[in-house]
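Chain residues, written in single-letter form:
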Amino acid sequence: MQNNIVLITDNEKVAQKINKKVLLLRNEDKLQTIKHADCFDVVRKIKPVLVLYHLKLNREDDFLNFLQKVKQNKELKTCSVILIYDELDENLLCTSFEKGVTDFIKTTSSETEFTIRTLWCLQKREAVKDNKSKKDLLSQLKILDRKNQVFTENYTYTVLKEESKKDWGCFVVVAPDINSRNKISPDSLMSIIKNNVRTCDILGFASDFKIYLWFRNTNCENTKKILYKIKKALTDDFTISAGFIDTKEIPFDKAEVLANNALSKALLKGNSFICAKENEKKEKIKTTVNINNFKQHKENFVKKLENILSPLFYQMQKRNEDKLFETKITQNVTEQRSYFNLKTEDAESSFIVTYPGFTTINIEILHKIQENEKREKFYIDTNELSEEKIEEMLEEFINDYQTQSNI
């Protein structure tokens, strides 16, 4: 396949010089020169692999507009652009870099430099194409999200756990605040986050509006700076919270639990980022009831309960998926009703949590094993409720399911 290389310039002398300097080493490479006028339309028809753009004096905006059109065009997505300039303009070079220019070189550079930079761009394009091909395959297998090219919910945990074994870093759990969840889609939030982190950082979707991030070789202090950068990119009416932890000294499973617990606390505050500590104790739900303000009390308590059940249910699902590989595990947490469900062809068990009243939490456990049905109800005082207590009951529920269904 022929590699079309386009040189854009109105100066014939410059065209002749550059033609001589770009010593193309392969028969499949072809260089052709076009004028600045309507250059994008010509480039769109030719579909080159590389554009050498000679900057005209005081026409910086023309170049930036051209570059933007190239980067926004699907058919030119892998096209490289090298800016050729007569005089150095640092502001233009910085702006061009931000907009996606591949490289820049001075008109008076040597033949060797022109050749090497051209070949670099061609090699980079091949690498980009290869990378895109692999990502397309991973998208087809639903390992990567097709829209944002980040890991899907089913694979995020596994990938991050493996990456954490190779190197240290900071694990982050981000979620929109409760009152912001209907203002932006998870895809849009992911896109904003992706645009404000490094290409080497790992991103993936998790359950319950959460996004998992892995910042390699990054401490908590610098992680917080990145989170504030992301926050700045969001609109004023949309806020996020995050829990994060340095994974240098602890295994990923423990880091995930601690980061999710920190996120729960951050969500209670709203619009905040909390760094988790390894020796942090699990939070007990505290209630101070004001009889005259029952509605407000209930809303506050339900929010606390939701933010504790959400990470707990998720952790229990991940912890048992491999062990109960023949069982479909689903879980959902809402203000009205939360459940953790286990199901096979012959058995189904449900752990249901509701908070209908003022002083108690209702937990209903239902086992339907073939033709047998077993139902239990528990009422827990809100002042006695803790994450440890729910976790203990949930583990017992899963053990009962395994025993009764012989799994």
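Figured I'd write up the structure that's included with this text. This one's a predicted model, so the numbers in the text were calculated from it and none came from an experiment.

### Things to note about the sheet that holds strand β10 (residues 273-275)
Consideration 1: Strand order in the open sheet formed by five strands is β7-β8-β6-β9-β10, and the pairing between neighbours is mixed. Every other strand in the sheet has two partners, leaving β7 (202-205) and β10 as the edge strands with one partner each. Across the sheet, the mean angle separating the axes of adjacent strands is 15° when strand polarity is ignored.
Consideration 2: Here strand β9 (residues 240-246) runs beside β10; their pairing, made up of three bridges, is parallel. Within β10, the residue paired with Gly243 across the bridge is Ile274.
Consideration 3: The strands touched by helix α8 (residues 220-233) within the sheet are β6 (169-176), β8 (211-216), β9 and β10, with β9 carrying the most contacts at an inclination of about 160°.
Consideration 4: Each of β6, β8, β9 and β10 is contacted by helix α9 (residues 252-269), which is oriented at about 150° to β9, the strand it contacts most.

### Remarks on the packing of aromatic side chains
Consideration 1: Taken as a whole and judged by the stated rule, the model has 11 aromatic pairs.
Consideration 2: Both rings, one in Tyr228 and one in Phe273, keep their centres 5.1 Å apart while their planes meet at 75°; by these two values the pair is edge-to-face. Residue Tyr228 is found in helix α8, and its partner Phe273 is found in strand β10; the two are separated by 45 residues along the sequence.
Consideration 3: You can call Tyr228 partly exposed: its relative accessible area is 43%.
Consideration 4: Assessed through its relative accessible area of 8%, Phe273 is described here as buried.
Consideration 5: Of the aromatic side chains, those joined through ring pairs into one cluster are Tyr157, Phe171, Tyr212, Phe252 and Tyr314.
Consideration 6: Over the aromatic face of Trp168 sits the side chain of Lys248, whose NZ or CZ is 4.3 Å from the ring centroid.

### Points about the sheet that holds strand β14 (residues 360-369)
Consideration 1: One open sheet accounts for five strands, arranged β11-β12-β13-β14-β15; its pairing is antiparallel. The outermost strands of the open sheet, each flanked by one partner alone, are β11 (328-332) and β15 (372-381). Looking at each pair of strands side by side, their axes are set apart by 10° on average, direction ignored.
Consideration 2: Examined bridge by bridge, strand β13 (residues 347-354) and β14 share eight bridges and lie antiparallel to one another. Within the sheet, the bridge partner assigned to Ala347 lies in β14 and is Ile369.
Consideration 3: Sheet strands touched by helix α11 (residues 387-405): β12 (338-343), β13, β14 and β15. Its angle to β13, the strand with the most contacts, is close to 165°.

### Some points on helix α1 (residues 12-21)
Consideration 1: Here α1 has its buried residues at Val14, Ala15, Ile18 and Lys21. The arc enclosing the buried residues of α1, seen along the axis, measures out at 130°, which places them on a common side. Residues of α1 that are exposed and angled more than 90 degrees away from the buried face: Glu12, Lys13, Gln16 and Lys20.
Consideration 2: You can read the cap of α1 off the contacts: a side-chain oxygen lies 3.0 Å from the backbone nitrogen of Lys13, and it is on Asn11.

### As for helix α5 (residues 111-140)
Consideration 1: Taking 1.5 Å as the rise per residue, α5 with 30 residues should run 44 Å; its terminal C-alpha atoms sit 44 Å apart, in good agreement.
Consideration 2: Inspection of α5 places Phe114, Thr115, Arg117, Thr118, Cys121, Leu122, Arg125 and Ser139 among the buried residues, and these make up the whole buried set.
Consideration 3: A positive backbone phi angle near 65° is found at Lys142, which sits one or two residues after α5.

### Here's the deal with the pairing of strand β3 (residues 50-54)
Regular strands place side chains that alternate from one sheet face to the opposite one.
Consideration 1: For β3, the buried fraction is high: five of the five residues fall into the buried class.
Consideration 2: In this structure, β3 lies alongside strand β4 (residues 80-85), joined through five bridges in parallel fashion. In the sheet register, Leu52 faces β4, and the bridge partner there is Ile82.
Consideration 3: You can see the chain leave β3, run along helix α3 (residues 60-72) and come back into β4, and the turn it takes is right-handed.

### A few points about the pattern of salt bridges
Consideration 1: All chains considered together, the criterion is met by 16 salt bridges.
Consideration 2: Across the salt bridge formed by Asp10 and Lys56, the nearest N and O atoms sit 3.2 Å from each other. With a gap of 46 residues between them, Asp10 in the loop between β1 (3-8) and α1 and Lys56 in the loop between β3 and α3 connect regions that are remote in the sequence.
Consideration 3: Owing to a relative accessible area of 34%, Asp10 belongs among the partly exposed residues under this scheme.
Consideration 4: With its nearest N and O atoms 3.1 Å apart, the salt bridge here joins Glu162 to Lys165. You can see Glu162 and its partner Lys165 sitting in helix α6 (residues 153-166), three residues apart, about one turn around the helix.
Consideration 5: Accessibility expressed as a relative area gives 38% for Glu162, which makes it partly exposed.
Consideration 6: A residue is classified by how much of its surface remains accessible, and Lys165, at 57% relative accessible area, is exposed.

The rules we used
- Residues numbered from 1 in each chain as written.
- Predicted model: local features only at pLDDT ≥ 70, side-chain atom pairs only at ≥ 80, totals over all residues.
- Heavy atoms only, no water.
- Pairing = 2+ DSSP bridges.
- Helix = DSSP H or I, 4+ residues; strand = E, 2+ residues; numbered from the N terminus.
- Axes fitted to C-alpha atoms, helices over the stretch in contact; angles between N-to-C directions.
- Contact = heavy atoms within 4.5 Å.
- Phe/Tyr/Trp six-rings, centres within 6.5 Å; stacked < 30°, edge-to-face > 60°.
- Buried < 20%, exposed > 50% of the residue type's maximum accessible area, 1.4 Å probe, protein only.
- Lys NZ or Arg CZ within 6 Å of the ring centre and 35° of its normal.
- Arc of directions from axis to C-beta.
- Polar contact = N/O pair within 3.5 Å; in protein donor to acceptor, adjacent residues only side chain to side chain.
- Expected span 1.5 Å × (residues − 1).
- Right-handed = clockwise from strand over helix to strand, strands pointing away.
- Salt bridge = Lys/Arg side-chain N within 4 Å of Asp/Glu carboxyl O.

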